[in-house]
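The primary structure of each chain is shown beneath.
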Amino acid sequence: LTGPDPVATPTPAPITGRPDLTISNLNFSPGSPKAGDEITFWVFVHNTGAAAAAPSTLRFKVGGEGSPPETPVPALSPGQEYQHERRMTLNIAQDYTLTATADARGQVSESDEANNVRERTITVASAPDPGRRHCRRESPPAESRLSST
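None of these values were measured; they are calculated from a predicted model.

What counts as what
Going along each chain's sequence as written, the residues are numbered from 1 onward. A pLDDT threshold of at least 70 governs which residues receive local features in this predicted model, and a stricter bar of 80 or more applies before side-chain atom pairs are shown or counted, although totals over entire chains, interfaces and linings include all residues. Derived side-chain values reflect all non-hydrogen atoms in the structure, with water molecules and hydrogen atoms excluded from consideration. The helix and strand labels rest on DSSP assignments: H or I over at least four residues marks a helix, E over at least two residues marks a strand, and numbering proceeds from the N terminus. Exposed residues in this analysis have more than 50% of their type's maximum accessible area, buried residues have under 20%, and partly exposed residues fall in between, with area computed by a 1.4 Å probe over protein chains only. Two N or O atoms form a polar contact when they lie within 3.5 Å of each other; inside protein one atom must be a possible hydrogen donor and the other a possible acceptor, and for residues adjacent in sequence the pair counts only when both atoms belong to side chains. Contact criterion: two residues are considered in contact whenever any of their non-hydrogen atoms come within 4.5 Å of each other. By the convention used here, strands pair only if DSSP detects at least 2 bridges between them. Helix axes are fitted only over the stretch in contact, all axes being lines through C-alpha atoms; the angle between N-to-C directions runs from 0 to 180 degrees. As used here, the term nonpolar core means buried Ala, Val, Leu, Ile, Met, Phe, Trp, Tyr and Cys residues forming a set that is joined through side-chain atoms within 4.5 Å. The predictor rates its confidence in each residue with pLDDT, a number between 0 and 100. Salt bridge, as applied in this entry: a Lys or Arg side-chain nitrogen positioned within 4 Å of an Asp or Glu carboxyl oxygen. Working definition: a ring pair exists when centres of Phe, Tyr or Trp rings (six-membered ring for Trp) sit within 6.5 Å. Plane angles under 30 degrees give stacked, over 60 give edge-to-face, the rest tilted.

A. Looking closely at the side chain of N47. Tracing the backbone through its elements, the reader meets N47 in strand 2 (residues 38–47). What makes N47 buried here is its relative accessible area of 0%. Within the structure, N47 has its side chain in polar contact with the backbone nitrogen of G49 (distance 2.9 Å). Here the side chain of N47 touches L76 through a polar contact of 3.0 Å, landing on its backbone oxygen. Contacts of N47, omitting those with residues within four sequence positions, involve P19, D20, L21, A52, A53, L76, S77, P78, G79 and Q80.

Dropping the structure here:
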């Protein structure tokens, strides 16, 4: 007796690589802010994976913000980085936790979904006593440059 030819079971193709979005840097200036200073924050989203990442969303929270702003992040090739800048004034002297979340809405299927959050603490000191005279020397503005590798 002969039966039907055996049916080949398809073998899934191996995954050649996935994107992996991380927060590579979370920085601020001035380095020792005082209450009432304007503070500039920089958040860097980096694709450390082996494949391109589709557009995603960055969430950057300062202190106890109830609804932190979300920023669209463009598609990133492997090794590519996106820089986001946010400026704000913190009027209360205290410690604040900065929390940056890459792919905050889970739009990108990544090789590691557990490394998307980075936290850092910033200490905002009390402002100087307004009754005292302070002399402050202004420096020329810094120059910004974009470089590629």
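B. Representation of the sheet that holds strand 5 (residues 81–89) within the structure. Sheet architecture is open: three strands sit in the order 1-2-5, paired in antiparallel fashion. The sheet terminates laterally at strand 1 (21–29) and strand 5, the two strands that pair on one side only. Across the sheet, the mean angle separating the axes of adjacent strands is 20° when strand polarity is ignored.

C. Inspection of the nonpolar core at higher detail. One finds F41, V45, F60, L90 and L98 to be the most contacted residues of the largest nonpolar core, which totals 24 residues. The set of elements that each furnish at least two residues to this core consists of strand 1, strand 2, strand 3 (56–62), strand 6 (94–101) and strand 7 (117–124). Setting aside chain neighbours within four positions, we find L90 in contact with K34, A35, G36, D37, I39, F41, V62, Y96 and V124.

D. Just the confidence of the model for the protein chain, in detail. Mean pLDDT for the protein chain: 85, with 76% of residues reaching 70 or above. Contacts from residues 133–149, a stretch scored under 50 in pLDDT, to residues over four places away or in other chains number two contacts.

E. Looking closely at the pattern of salt bridges. Applying the stated criterion across every chain yields a total of five salt bridges. A salt bridge links R59 to E70; the nearest nitrogen and oxygen atoms lie 2.5 Å apart. Separated by eleven residues along the polypeptide, R59 in strand 3 and E70 in strand 4 (residues 70–73) bring together distant segments of the chain. Taking relative accessible area as the criterion, R59 reaches 27% and is therefore assigned partly exposed. Between E70 and R105 there is a salt bridge, with the nearest N and O atoms lying 2.6 Å from each other. One end of the pair, E70, is in strand 4; the other, R105, is in the loop between strand 6 and strand 7, and 35 residues separate them in sequence. Under the relative-accessibility criterion, E70 is labelled partly exposed at 29%. The structure contains a network of salt bridges with shared partners spanning E38, E85 and R87.

F. Region of interest: the side chain of T57. Topologically, T57 is positioned in strand 3. Since its relative accessible area comes to 9%, T57 is described here as buried. For T57, the side chain forms a polar contact with the side chain of Q107, separated by 2.8 Å. Those residues in contact with T57 that lie beyond four places of it in its chain are E70, T71, V73, T101, A102, D103, A104, R105 and Q107.

G. Focus on the packing of aromatic side chains. Summed over all chains, the structure comprises two aromatic pairs. Aromatic pair F28 and F41: ring centres 6.5 Å apart, planes at 55°, arrangement tilted. Of this pair, F28 sits in strand 1 while F41 sits in strand 2, and the two are 13 residues apart along the sequence. Both residues of the pair, F28 and F41, count as buried. Ring centres 5.6 Å apart and planes at 65° place the aromatic pair F41 and F60 in the edge-to-face group. Pair noted here: F41 is in strand 2 and F60 is in strand 3, with a separation of 19 residues, a long-range link. The residues F41 and F60 share a single accessibility class, namely buried. Taken together, the aromatic side chains of F28, F41 and F60 make up a single cluster linked through ring pairs.

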